[in-house]
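# Remarks on the overall topology
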Amino acid sequence: MQSASLPPTGLHVAIIMDGNGRWARARGWPREWGHRAGARAVRPVVEAAPDLGVGILTLYAFSSDNWQRPRREVDALLGLFRRYLLAETEELARNGVRLQVLGRRDRLPDPLVQAIEGAEGVTAGGDRLLLRLAVDYSSREALTAAARLCDPLHSGREDLAQALGRVTHGGGPAMDVDLLVRTGGEQRLSDFLLWECAYAELHFTPTMWPDFTVEELAAAVREFRTRDRRFGRIASAV
Ligand code: FPP
């Protein structure tokens, strides 16, 4: 059950955690081991986020296109998410982190859905950081579903943003991303938060996700703060 509390203030940072598979293959290990290492890299980033001025952290954990991966890898990922939720929920709640899971739930295994609902309930009062995990998430699919909820003649941008929040289980309206980070060396959005990233600053790093550190996030945020964000206007008018 979602409470209606406002998201914490601060930057909205979104991360495409790419490179787990290559990180593992480079060591001669199965790809699943890369995901395990990737899961271990999540905690320090979540813990450090509030002190870096991050109020919302959205992590791309599993795209709707990831169902096309081998069954064994998909099962390993879904199992990791559930174990992460079961292991981390109490600590997240103690640290004032509110957890939300974005995306479709009807294709997820029941035990994972139960873990999601449990974690969302236990952490609902968190007001230091809103941690959003995108699981079975597709931005195009979310936009399509949101458009269906809108009135074709009278709905405007705000209505679509509200509908987008609703269809992705986000609660309130879709939230603009300030800084999008993608690890793993690729420079693309991969169907992640397309609406929300309309004016996001982009940061691409060759670092594979399991090697991504708090120091690197801190450097990305510092660099973000030097950017001149004009939102289509000229500098003096912003
Ligand atoms: C992309 O790397 C990563 C994923 C599809 C999964 C992301 C999952 C995690 C970081 C671990 C679990 C997360 C949580 C929140 C517990 P890839 O496999 O596409 O890497 P590649 O591009 O090297 O093949």
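Only a predicted model underlies this, so the values are computations on that prediction, with no experimental measurement involved.

## Some details on the side chain of His 203
- Relative to the elements of secondary structure, His 203 occurs in strand E6 (residues 201-204).
- For His 203, a relative accessible area of 17% corresponds to the buried category.
- Not counting chain neighbours up to four residues away, the residues in contact with His 203 comprise Leu 179, Leu 180, Val 181, Arg 182, Ala 220 and Glu 223.

## Digging into the packing of helix H3 (residues 71-94) against helix H4 (residues 110-122)
- Contact pair H3 / H4: the axes reach a minimum separation of 9 Å and the direction vectors enclose 15°. It follows that H3 is roughly parallel to H4 by the angle criterion. Crossing of H3 over H4 shows left-handed handedness. Across the interface between the two elements, Leu 78, Phe 81, Arg 82, Leu 85, Leu 86, Thr 89, Glu 90 and Ala 93 from H3 touch Pro 111, Leu 112, Ala 115, Ile 116, Ala 119 and Val 122 from H4.

## As for the nonpolar core
- In terms of nonpolar packing, the biggest core is built from 45 residues, with Val 13, Ile 15, Val 46, Leu 57, Leu 85, Leu 131 and Leu 133 touching the most fellow members.
- Among the elements that make up this core, the one with the highest residue count is H3 (7 residues).
- If we ignore the near neighbours within four places in the chain, the residues touching Val 13 are Val 54, Ile 56, Leu 57, Thr 58, Leu 179, Val 181 and Leu 217.
- Among the nonpolar cores identified, the runner-up in size contains 12 residues, and Tyr 137, Leu 180, Leu 193 and Cys 197 belong to it.

Calculation rules
Residues numbered from 1 in each chain as written. Predicted model: local features only at pLDDT ≥ 70, side-chain atom pairs only at ≥ 80, totals over all residues. Heavy atoms only, no water. Helix = DSSP H or I, 4+ residues; strand = E, 2+ residues; numbered from the N terminus. Buried < 20%, exposed > 50% of the residue type's maximum accessible area, 1.4 Å probe, protein only. Contact = heavy atoms within 4.5 Å. Axes fitted to C-alpha atoms, helices over the stretch in contact; angles between N-to-C directions. Parallel < 35°, antiparallel > 145°, perpendicular 65-115°, else oblique. Left-handed = near helix turned anticlockwise from the far one by under 90°. Core = buried A, V, L, I, M, F, W, Y, C linked by side-chain atoms within 4.5 Å.

Just geometry here; none of it tells us what the structure is for.
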